[in-house]
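Examination of the molecular architecture
Below, each chain spelled out in residue letters.
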Amino acid sequence: MLSLKSLMPLISLISLSSLLSIFSLISLLSLSCYLMPILTLTLEEMMSAWRLRAFPEAVNDGCVITRCDGIDLDAHLQARMQAWYDALLRDATLDMLAPVDISADVEVDILSDGTGWFTLPDEAVRLVSLMMPGWSAPALIIPDATLPGASLQLSGRQRSDHRVPVAVVDGRTVRVCSPPPTTRKSLRPLSCLAILDTPGLYRLHSRALSTIPLLL
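As a starting point, this report considers the structure included with it.

Rules used throughout
- For every chain, the first residue of the written sequence is number 1, and numbering continues from 1 along that sequence.
- Under the rules for a predicted model, residues below a pLDDT of 70 receive no local features and side-chain atom pairs below 80 are neither given nor counted, while totals for whole chains, interfaces and linings still include all residues.
- Calculation of side-chain values draws on the structure's entire complement of heavy atoms; hydrogens and water are dropped beforehand.
- Any two strands are treated as partners once DSSP identifies two or more bridges connecting them.
- Think of it this way: any DSSP run of H or I at least four residues long counts as a helix, any run of E at least two long counts as a strand, and we number them from the N terminus.
- For the purposes of this section, nonpolar cores are sets of buried Ala, Val, Leu, Ile, Met, Phe, Trp, Tyr and Cys residues that join through side-chain atoms within 4.5 Å.
- Accessible area is worked out with a 1.4 Å probe on protein chains only. A residue is then buried under 20% of its type maximum, exposed over 50%, and partly exposed in between.
- Throughout, a residue-residue contact means that at least one pair of heavy atoms, one from each residue, lies within 4.5 Å.
- By definition here, a salt bridge exists when the distance from a side-chain nitrogen of Lys or Arg to a carboxyl oxygen of Asp or Glu is within 4 Å.

Some remarks on the pairing of strand S8 (residues 173-177)
- Pairing between strand S4 (residues 116-119) and S8: four bridges, direction antiparallel. Paired with Trp 117 across the two strands is Arg 175, which belongs to S8.
- Alignment of strand S7 (residues 166-170) against S8, held across five bridges, turns out to be antiparallel. Opposite Val 169, over in S8, you have Val 174 as the bridge partner.
- Hairpin connection between S7 and S8: a loop of two residues separates the two successive antiparallel strands, and Gly 171 in this loop has a positive phi of roughly 70°.

What follows is the structure, given as structure tokens:
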């Protein structure tokens, strides 16, 4: 006759297997959040996504509605869509967006005071990450030169060095405090991620589509 004591190793093995299965399922569910697709849509594709989500499903109640006042519904919808997308690029959290690595188009000029600077491409709306050679971590991004802390980077005694780097965005110019010590006149970043607004293209994370407002 089997005793409870003799069954304990088997029970423990089953319990461990069940726990591993549960943790594996949780990990897969968590990972799926990050594997949701990044979308690059044309104007026609974005308008189609908006039509699908912005208008409630029609109810067949036997009524026929006809408008004769000449309102261009597509133009109205496109204007609403563009305003939504512009606000998304400017204000949304990064998990709603699709940052693009623009490091191939960026060259950081090294200044005589040890800091660096570069100009963002015209399509760049937001700088979200900057990593230079010799840094152990990406720079802290200060998105506006008028924000607290930005003025400290103008002082040779108070500005950050390459061990705790900071990048201050002032319009299209980015001041880097500070690049690693080098004798070169310029350095290319290892990575430089930005949110781009390219005419005719709409880059976003698929979860951002869930924020399209319902138009009644």
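Side note on the nonpolar core
- By size, the foremost hydrophobic cluster in this structure holds 24 residues, and its most contacted members are Met 46, Trp 50, Trp 84, Tyr 85, Leu 88 and Leu 204.
- Sort the elements by how many residues they give to this core and helix H3 (residues 73-91) lands first, with six residues.
- Those residues in contact with Trp 50, other than ones at most four positions away along the chain, are Phe 55, Leu 77, Arg 80, Met 81, Trp 84, Ile 212, Pro 213 and Leu 215.
- Grouped together as the second largest cluster of nonpolar side chains are 21 residues, Ala 167, Val 169, Val 174 and Cys 192 included.

A look at unusual backbone geometry
- Across the junction of Cys 177 and Ser 178, the peptide omega takes the value 0°, indicating a cis bond.
- Mapped onto the elements of the fold, Ser 178 is located in the loop between S8 and strand S9 (186-187).

Some thoughts on the sheet that holds strand S6 (residues 140-142)
- Pairing in this open sheet of six strands is mixed, and the strands run S6-S7-S8-S4-S3-S9 from one edge to the other. Single-partner strands in this sheet number two, and they are S6 and S9.
- Across three bridges, the pairing between S6 and S7 is parallel. Bridge pairing links Ile 141 to Ala 167 in S7.

A look at the pattern of salt bridges
- Under the defined criterion, the tally for this structure stands at six salt bridges.
- The partner of Arg 51 in a salt bridge is Asp 74, and the shortest N-O contact between them spans 3.3 Å. Taken together, the residues span a long stretch of sequence, with Arg 51 in helix H2 (residues 43-54) and Asp 74 in helix H3 at a distance of 23 residues.
- Classification of Arg 51 by relative accessible area gives partly exposed; the value is 37%.
- Residue Asp 74 is classed as partly exposed on the basis of its relative accessible area of 41%.
- Residue Arg 90 is joined to Asp 91 by a salt bridge in which the shortest nitrogen-to-oxygen separation is 3.4 Å.
- Look at Arg 90 and you get partly exposed, because its relative accessible area is 49%.
- Look at the salt bridges and you will find they share partners, linking Asp 113, Arg 159 and Arg 175 into a network.

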